[in-house]
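Each chain, written out:
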Amino acid sequence: MELLTDVFFYMNIIGLIAFAVTGSLKAIKEGLDLLGITVLGIMTALGGGIVRDIMVNQIPNALKSLSDMSFALLGVWLAIVVYKITKTDLQNRYIILIPDAIGLSAFTTTGAIIAYNANISFFGVIILATITGVGGGLISDLLLGKVPSVLRDDFYASCSIIGAISFYITILITGDLTISSVICSLSVFMIRVVAILYNWHLPKFS
Amino acid sequence: MELLTDVFFYMNIIGLIAFAVTGSLKAIKEGLDLLGITVLGIMTALGGGIVRDIMVNQIPNALKSLSDMSFALLGVWLAIVVYKITKTDLQNRYIILIPDAIGLSAFTTTGAIIAYNANISFFGVIILATITGVGGGLISDLLLGKVPSVLRDDFYASCSIIGAISFYITILITGDLTISSVICSLSVFMIRVVAILYNWHLPKFS
Amino acid sequence: MELLTDVFFYMNIIGLIAFAVTGSLKAIKEGLDLLGITVLGIMTALGGGIVRDIMVNQIPNALKSLSDMSFALLGVWLAIVVYKITKTDLQNRYIILIPDAIGLSAFTTTGAIIAYNANISFFGVIILATITGVGGGLISDLLLGKVPSVLRDDFYASCSIIGAISFYITILITGDLTISSVICSLSVFMIRVVAILYNWHLPKFS
């Protein structure tokens with residue numbers, strides 16, 4: 001149990017940093033200034049959780065905790081330094097995709113747990129888990145005036161949705177929050193990694 | 001009375017489906033994938049109500065009820081099937097404009113009632129009623145990276161505003177929520193239909 | 001004390017009108033219709049405060065008060081009249097930049113006070129103060145499908161951030177809300193004016 005809590009704790013930190021790096025690098029590429037880069041990094045890392053907390057009618061945890069914001073700012077700083085040294089945005093490199101998948105997994109699970117405790121419906125759990133996982137990236141795309149990439153291209157939000165469904169089914173069967181969380185984390189992470197390796201896409205109709 | 005409740009109930013369902021169809025068809029046209037189409041359909045149908053509930057400090061009803069989401073998903077499915085068969089997006093056809101007007105009318109009225117019960121000001125009632133009616137379409141336009149069409153082109157949100165004002169005046173005079181709701185629904189629907197038939201527009205200044 | 005409350009009261013009104021004028025003029029230039037111009041003006045004036053109130057879990061004050069909305073509508077009307085007479089959008093003219101700086105100062109201070117009373121962290125105070133100051137402009141840029149100018153160009157949000165930090169430090173040292181508010185207002189206004197005069201910018205990295 002304690003080991004699991006620890007693992008989850010570090011997964012969250014990895015996710016915060018990875019998401020902030022991704023967001024800041026997007027902002028650098030678009031020519032935003034230092035403030036824009038910082039806001040994009042912070043919003044990518046914390047935006048999903050903020051929207052989720054607002055939806056379950058709580059003051060966002062990101063406003064109350066010092067640590068979440070600190071890790072996000074560390075990610076912003078890392079992005080600037082890494083960009084200066086490598087002159088590359090690391091997009092589609094495993095060094096960013098794997099930590100990002102860890103973050104997606106941790107955030108989705110956090111969202112599913114909070115949604116479950118807020119006593120909402122099956123669909124509500126899926127929506128809140130997915131918003132927690134992908135909401136930050138979606139908001140940062142919107143801030144850059146782009147159609148959010150999660151809606152268009154990748155097998156990314158789908159991992160969150162599958163993870164949330166497996167969370168819900170597991171908790172219905174076992175009633176155990178720990179087992180359900182492990183199942184959710186593992187399924188999001190594993191499906192995301194397979195989706196990266198095999199370049200999965202959802203169908204389009206137009 | 002019971003007949004009225006029934007009528008309103010079915011108007012809401014028609015609206016959910018019509019809004020979801022409109023949103024999903026927009027997403028198909030823009031080349032989004034299955035997830036994007038689903039999100040756009042759901043957000044168009046439920047987004048206005050979600051924002052309204054957040055603003056009056058409640059957990060969004062759409063997260064707690066199974067039925068709203070189910071009707072929205074039915075609309076998404078309908079849009080995909082209809083697009084496959086007809087290869088048209090039905091825009092500006094009466095078969096979508098009339099159910100859409102019914103939805104606008106039902107959603108605006110719901111928003112006005114909830115706003116009135118939340119004990120807010122005259123302007124607050126207008127804002128919440130209008131957000132409930134047009135917020136979903138506005139969000140889905142933003143997700144597609146477009147200037148929301150309600151701000152630019154059509155005599156659409158104006159119907160909600162007029163309906164909310166008539167709701168507010170009627171309840172001030174009669175104090176009766178049922179009469180005010182009927183007046184609001186009827187005025188939104190009738191003005192919207194006339195606006196479609198006569199192709200009304202608001203003035204521009206540039 | 002009473003003089004200070006009065007000064008702050010009038011600063012807020014000047015800010016509401018100036019922000020609404022700015023937002024409406026942007027909408028006129030983009031060819032929005034009367035509704036779009038009104039929504040842009042209102043959102044620029046009230047949007048930051050609405051998002052802040054939602055984040056601290058309160059029904060937005062703008063929905064409950066009649067006066068805020070009235071001043072915003074006055075700003076919308078002024079913008080339309082001024083544009084008709086002068087055929088200019090007044091951008092980068094002192095006649096709009098100075099009232100705008102007064103508004104930024106008043107809104108930032110209001111945000112910092114509310115955030116402080118909501119008992120949130122150092123970062124939370126900065127975020128809420130800054131959102132209150134620049135959130136409305138950011139939302140109105142998003143509604144126009146643009147990358148928000150505060151993220152890209154100007155030394156604008158930075159004034160709010162510096163003001164919020166000085167607020168937080170002052171209240172830690174003195175424990176006095178009045179002194180902290182005066183320090184915050186003055187620093188935002190003075191830094192913004194200097195930034196305008198010397199055309200300050202933040203560094204970029206791309």
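- Database annotation for chain A, UniProt heading Sequence similarities (unreviewed entry): "Belongs to the UPF0126 family."
- According to the UniProt record, the Subcellular location (unreviewed entry) comment for chain A reads "Cell membrane".

### Concerning the UniProt feature "transmembrane region" (unreviewed entry) in chain A
All names here are of chain A.
Working step 1: Mapped onto this numbering, the UniProt entry annotates "transmembrane region" (unreviewed entry) at residues 7–25, 32–51, 63–83, 95–116, 122–143, 155–173 and 179–200.
Working step 2: End C-alpha atoms of residues 122–143 are separated by 30 Å, and the span's content is 100% helix alongside 0% strand.
Working step 3: What you have in residues 179–200 is 91% helix and 0% strand, and the ends, taken at the C-alpha atoms, are 28 Å apart.

### Describing the packing of helix 1 (residues 2–29) of chain A against helix 4 (residues 66–86) of chain A
Residue and element names in this part refer to chain A.
Working step 1: Their axes nearest at 7 Å, the elements helix 1 and helix 4 cross at an angle of 45°. When the axes of helix 1 and helix 4 are compared, the pair comes out oblique. With respect to the hand of their crossing, helix 1 and helix 4 are arranged in right-handed fashion. Seen from helix 1, the contacting residues are Ile13, Leu16, Ile17, Ala20, Val21, Ser24, Leu25 and Ile28; seen from helix 4, they are Asp68, Phe71, Ala72, Leu74, Gly75, Val76, Leu78, Ala79, Ile80 and Tyr83.
Working step 2: Its residues placed into classes, the contact of helix 1 with helix 4 shows 15 nonpolar, two polar and one charged.

### Observations regarding the interface of chain B and chain A
Working step 1: Contacts between the two partners involve 30 residues from chain B and, on the opposite side, 27 residues from chain A.
Working step 2: Taken over both partners, the interface formed by chain B and chain A buries close to 2400 Å², and the fraction arising from carbon and sulfur atoms is 73%.
Working step 3: It is Asp33, Leu35 and Leu63 of chain B in chain B that bury the most area against chain A; as a group they hold 28% of the surface buried on that side.
Working step 4: Linking chain B with chain A are five residue pairs in polar contact (both at pLDDT 80 or more), by the criterion used here.
Working step 5: When contributions to the side of chain B that touches chain A are tallied by element, the ones reaching two or more residues are helix 2 (34–55), helix 3 (61–64), helix 4 (66–86) and helix 6 (122–143) of chain B.
Working step 6: In terms of residue count, helix 2 of chain B provides more of the side of chain B that touches chain A than any other element does, eight residues in total.
Working step 7: Partitioned by chemical class, the residues of the side of chain B that touches chain A number 20 nonpolar, seven polar and three charged.

### With respect to the relation of the copies chain B and chain A
Working step 1: When chain B is fitted onto chain A, the two copies agree to an RMSD of 0.0 Å after a turn of 120° and an axial shift of 0.0 Å. Here the two chains are linked by the operation of a three-fold rotation axis.
Working step 2: An overlap of only 10% is found between the interface residues of chain B and their copies at the interface of chain A, pointing to separate contact surfaces.

### A short note on the interface of chain C and chain A
Working step 1: Taken residue by residue, the interface counts 27 residues in chain C and 30 residues in chain A.
Working step 2: Summed over both partners, the interface of chain C with chain A buries about 2400 Å², with 73% contributed by carbon and sulfur atoms.
Working step 3: Among the residues of chain C in contact with chain A, Met55, Leu151 and Phe205 of chain C are the three that bury the most area, contributing 29% of the side total.
Working step 4: The interface formed by chain C and chain A includes zero salt bridges.
Working step 5: Run the count over chain C and chain A and you get five residue pairs in polar contact (both at pLDDT 80 or more).
Working step 6: Elements supplying a minimum of two residues to the side of chain C that touches chain A: helix 2 (34–55), helix 6 (122–143) and helix 7 (157–174) of chain C.
Working step 7: Residue classes in the side of chain C that touches chain A are distributed as 19 nonpolar, four polar and four charged.

### Re the packing of aromatic side chains
Working step 1: All chains considered together, the criterion is met by 18 aromatic pairs over all chains.
Working step 2: Consider the rings of Phe122 of chain B and Phe123 of chain B, whose centres lie 5.4 Å apart with planes at 45°: the pair is tilted.
Working step 3: Within the aromatic cluster, the residues linked to one another by ring pairs are Phe122, Phe123 and Tyr168 of chain A.

### Let's talk about helix 6 (residues 122–143) of chain A
All names here are of chain A.
Working step 1: Taking 1.5 Å of rise per residue, the 22 residues of helix 6 would be expected to cover 32 Å, and the 30 Å separating its terminal C-alpha atoms lies within 8% of that figure.
Working step 2: The sharpest bend along helix 6 measures roughly 55° and falls at Val134.
Working step 3: For helix 6, the tally of buried residues reaches 17 of 22 residues, placing the bulk of the element in the interior.

### A closer look at the nonpolar core
Working step 1: Core analysis: the largest hydrophobic core is formed by 195 residues, its most contacted members being Leu46 of chain A, Leu32 and Leu46 of chain B together with Leu32 and Leu46 of chain C.
Working step 2: For Leu46 of chain C, the residues in contact, after removing those within four places along its chain, are Leu16, Ala62, Asp68, Met69 and Ala72 of chain C.

### Thoughts on the environment of Gly175 of chain C
Working step 1: Along the chain, Gly175 of chain C turns up in the loop between helix 7 and helix 8 (177–198).
Working step 2: C-alpha of Gly175 of chain C to C-alpha of Gln58 of chain C: the two residues are 117 residues apart in sequence and 25 Å apart in space.

### Topic: the side chain of Thr44 of chain B
Working step 1: By secondary structure assignment, the location of Thr44 of chain B is in helix 2.
Working step 2: Here Thr44 of chain B is in contact with Phe19, Gly23, Gly136, Gly137 and Ser140 of chain B, once residues within four sequence places are set aside.

### Overview of the side chain of Ser180 of chain B
Working step 1: Within the fold, Ser180 of chain B resides in helix 8 (residues 177–198).
Working step 2: Other than its neighbours up to four places away in sequence, Ser180 of chain B contacts Phe167, Thr170, Ile171 and Thr174 of chain B.

### Quick notes on the pattern of salt bridges
Working step 1: Overall, the coordinates contain nine salt bridges over all chains when judged by the stated rule.
Working step 2: Between Lys26 of chain B and Asp141 of chain B there is a salt bridge; the shortest N-O distance is 2.8 Å. Of this pair, Lys26 of chain B sits in helix 1 (residues 2–29) while Asp141 of chain B sits in helix 6; the two residues are 115 residues apart in sequence, bridging distant segments of the chain.
Working step 3: Lys26 of chain B sits in the buried class, given a relative accessible area of 18%.
Working step 4: The class for Asp141 of chain B is buried, based on a relative accessible area of 6%.
Working step 5: A salt bridge links Lys146 of chain C to Glu30 of chain C; the shortest N-O distance between them is 2.9 Å.

### Observations concerning the packing of helix 5 (residues 94–117) of chain C against helix 7 of chain C
Each pair of packed helices can be summarised by the angle the axes make with each other and by the distance between the axes.
Residues and elements named next belong to chain C.
Working step 1: Contact geometry of helix 5 with helix 7 gives a least axis separation of 10 Å together with a crossing angle of 45°. The orientation of helix 5 relative to helix 7 falls into the category oblique. Where helix 5 crosses over helix 7, the handedness of that crossing is right-handed. On the side of helix 5, the interface is formed by Leu104, Thr108, Ala112, Ile113 and Tyr116, while helix 7 contributes Cys159, Ser160, Phe167 and Ile171.
Working step 2: The residue inventory of the contact of helix 5 with helix 7, partitioned by class, reads seven nonpolar, two polar and no charged.

The rules behind these values
- Numbers given for residues are sequential positions, taken from 1 along each chain in its written order.
- All chains are assigned letters beginning at A, and all ligands numbers beginning at 1, according to the order in which they are written.
- With pLDDT at 70 or above as the cut-off, local features in this predicted model cover only qualifying residues; side-chain atom pairs require 80 or more to be listed or tallied, and sums for whole chains, interfaces and linings still use all residues.
- Where side-chain values are given, they derive from all heavy atoms of the structure, hydrogens and water being excluded.
- UniProt positions are given in the numbering used here, feature names are shortened, and annotations may be inferred rather than shown by experiment.
- A run of H or I in DSSP becomes a helix once it reaches four residues, and a run of E becomes a strand once it reaches two; helices and strands are each numbered from the N terminus.
- Angles here are taken between N-to-C directions and fall from 0 to 180 degrees, while the axes themselves are lines fitted to C-alpha atoms, restricted in helices to the stretch in contact.
- Every angle not falling under 35 degrees, over 145, or within 65 to 115 is termed oblique; those three ranges are roughly parallel, roughly antiparallel and roughly perpendicular.
- The crossing is said to be left-handed when, going from far helix to near helix, the turn is anticlockwise and less than a right angle, and right-handed when the turn is clockwise.
- The contact rule is simple, with two residues in contact once any of their heavy atoms fall within 4.5 Å.
- Each residue receives one of three labels: charged for Asp, Glu, Lys and Arg, nonpolar for Ala, Val, Leu, Ile, Met, Phe, Trp, Tyr, Cys and Pro, and polar for the others, Gly being one of them.
- In this description, buried area is defined as the sum, over both parts, of the accessible area (probe of 1.4 Å) that is lost when the two are combined.
- A 3.5 Å cut-off defines polar contacts: any pair of N or O atoms within that distance qualifies, except that in protein one atom must be a possible hydrogen donor and the other a possible acceptor, and neighbouring residues in sequence count only when both atoms are side-chain atoms.
- When the copies are superposed, the least-squares fit takes in the C-alpha atoms of residues with a pLDDT of at least 70 in both.
- Basic side-chain nitrogens of Lys or Arg form a salt bridge, by our definition, when they fall within 4 Å of a carboxyl oxygen of Asp or Glu.
- Pairing of aromatic side chains requires ring centres within 6.5 Å, counting the rings of Phe and Tyr and the six-membered ring of Trp. Pairs whose planes differ by under 30 degrees are stacked, by over 60 edge-to-face, and all others tilted.
- Take the number of residues in a helix, subtract one, and multiply by 1.5 Å to get its expected span.
- The quantity called bend is, for any residue, the angle between two axes fitted respectively to the seven residues ending at it and the seven beginning at it.
- The cut-offs for exposure are 20% and 50% of the maximum accessible area for each residue type, with area from a 1.4 Å probe on protein chains only; residues under the lower value are buried, those over the upper are exposed, and the others partly exposed.
- Within this scheme, the nonpolar core is defined by two criteria: the residues are buried Ala, Val, Leu, Ile, Met, Phe, Trp, Tyr or Cys, and they are joined through side-chain atoms within 4.5 Å.

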